[in-house]
Amino acid sequence: MKKTIRTALASTLLCLATQATFAADAPSRTECIAPAKPGGGFDLTCKLLQVSLQETQQITTPMRVTYMPGGVGAVAYNAIIAQRPAEAGTVVAFSGGSLLNLSQGKFGRYSVDDVKWLAAVGTDYGMIAVRADAPWKNLKELMDAMKADPTKVVVGAGASIGSQDWMKTALLAREAGIDPRKMRYVAFEGGGEPVTALLGNHIQVVSGDMSEMVPHLKAGKLRVLAVMSDKRLPGELNSVPTAKEQGFNVEWPVIRGYYLGPKVSDADYQWWESAFKQMVATDAFKKQRDMRGLFEFNLFGAELDAYVKKQVADYREQAKSFGLAK
């Protein structure tokens, strides 16, 4: 009997010790790195987390948002791995564009295996927009104009040739019978700058993400000609036609999420994973996500890791078809 009690007690103590090993308190200081200048999709992703973590009481002190532009995520990716790999309170925003660049080797010597993929909290969709007073009322009219003379229509986006914003227009161009290499394309840093250039009439078209356009749509300054989703989006965005329904078979979902440095402990990783799971289930988070034009897409931990690695492999094949990857 005594032996049974001792065995049970030992088992209980071992269990408690194991739980202590894997349990972690909330980081005393939290930070979200947006790998671009303010105003674009990375900024939006960090602000969503900043507001939602505190509103849902996962943290008690405000999260800091910092900006680390360069290479559509490359500078931040290299910095977190090489210089800040074990910061338990620091997450970095990523998007489908980050994964596309990873697939093309644009993040230098580091690969998809060199960070800890943590959580995806929403999806966005690619879109094509023009000024509200532009002559093109739909996607076909725009593509016809580009086909007639590609040099007269300047497309701007928040990244270089080979990026997701370039890829979206290249796929549309190929569908319309236009050589993507003949497009006039201007690369900016981040999603905010091309919109400013468009509103200033320095470019004629913006290739970007739907969530970035929501404030400008509400202000009546832009016209979105097409969203690259499989069907029309719900709510206020339902009036925007898809590229597919206009005869262009192009879809481009944009995952939005976060990763941690490679040396963050398992205990801290699990704290974040638990916090994200609790956060996304709340009405407060759903309201914040909807306000930013994002749509539900929740993946965490090992499931996200597998998704990201498959996506990078798929993007690599797509990039090869344009001669952008080996």
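Relevant structure appears above.
My aim in this report is to walk through the structure given alongside it, one point at a time. All values derive from a computational prediction rather than experimental measurement. (Residues numbered from 1 in each chain as written. Predicted model: local features only at pLDDT ≥ 70, side-chain atom pairs only at ≥ 80, totals over all residues. Heavy atoms only, no water.)

1. A look at unusual backbone geometry
Backbone geometry at Gln57 places phi at a positive 65°, although glycine is not the residue there. With respect to the helices, strands and loops of the structure, Gln57 is situated in the loop between α2 (41-55) and β2 (64-67). (Helix = DSSP H or I, 4+ residues; strand = E, 2+ residues; numbered from the N terminus.)

2. Quick word on the nonpolar core
With 59 residues, the main nonpolar core has Tyr77, Leu99, Trp117, Leu142, Met143 and Leu172 as its most contacted residues. The contact partners of Tyr77, leaving out residues within four places of it in the chain, are Leu102, Phe107, Tyr110, Ser111, Val112, Asp114, Val115, Trp117 and Tyr259. Ala34, Phe42, Val121 and Leu294 belong to the second-largest nonpolar core, a separate cluster that totals 32 residues. (Core = buried A, V, L, I, M, F, W, Y, C linked by side-chain atoms within 4.5 Å. Buried < 20%, exposed > 50% of the residue type's maximum accessible area, 1.4 Å probe, protein only. Contact = heavy atoms within 4.5 Å.)

3. Quick word on the packing of α2 against helix α10 (residues 283-291)
Each pair of packed helices can be described by the angle between their axes along with the distance between the axes. At a closest axis distance of 9 Å, the pairing of α2 and α10 adopts a crossing angle of 160°. It follows that α2 is roughly antiparallel to α10 by the angle criterion. In terms of crossing hand, the pair formed by α2 and α10 is right-handed. Here Leu48, Val51, Ser52 and Glu55 of α2 come into contact with α10, specifically with Ala284, Phe285, Gln288 and Arg289. Within the contact of α2 with α10, the residues separate by chemical class into four nonpolar, two polar and two charged. (Axes fitted to C-alpha atoms, helices over the stretch in contact; angles between N-to-C directions. Parallel < 35°, antiparallel > 145°, perpendicular 65-115°, else oblique. Left-handed = near helix turned anticlockwise from the far one by under 90°. Nonpolar A, V, L, I, M, F, W, Y, C, P; charged D, E, K, R; others polar.)

4. Examining the pattern of salt bridges
Scanning all chains against the criterion turns up 21 salt bridges. The salt bridge involving Glu193 is made with Lys37; its shortest N-O contact spans 3.1 Å. Taken together, the residues Glu193 in helix α7 (residues 192-199) and Lys37 in the loop between β1 (31-34) and α2 connect sequence positions 156 residues apart. Since its relative accessible area comes to 39%, Lys37 is described here as partly exposed. Lys309 is the salt-bridge partner of Asp113, the closest N and O atoms lying 3.3 Å from each other. With Asp113 in the loop between α4 (96-103) and β4 (116-131) and Lys309 in helix α11 (residues 301-321), this residue pair connects regions lying 196 residues apart in the sequence. Through salt bridges with shared partners, a single network forms among Asp124, Asp165, Lys168, Asp209 and Arg256. (Salt bridge = Lys/Arg side-chain N within 4 Å of Asp/Glu carboxyl O.)

5. Some details on helix α5 (residues 139-148)
If you check which residues of α5 are buried, you get Leu139, Leu142, Met143 and Met146. One side of α5 holds all its buried residues, which, seen down the axis, span an arc of 95°. In this fold, the buried residues of α5 make contact with β4, β5 (154-157), α6 (164-175), β7 (205-209) and β8 (222-227). The N-cap residue of α5 is Asn138: its side-chain oxygen and the backbone nitrogen of Lys140 are 3.2 Å apart. (Arc of directions from axis to C-beta. Polar contact = N/O pair within 3.5 Å; in protein donor to acceptor, adjacent residues only side chain to side chain.)

6. A look at the environment of Gln311
Along the chain, the position of Gln311 falls in helix α11. Sequence spacing of Gln311 and Ser163 is 148 residues, and the spatial spacing of their C-alpha atoms is 15 Å.

7. Describing the side chain of Ser207
Note that Ser207 resides in strand β7. Among the polar contacts made by the side chain of Ser207, one reaches the main-chain carbonyl oxygen of Asp165 at a distance of 2.8 Å. With sequence-adjacent residues up to four places away left out, Ser207 is seen in contact with Met127, Ile128, Val155, Gly156, Ala157, Asp165, Lys168 and Thr169.

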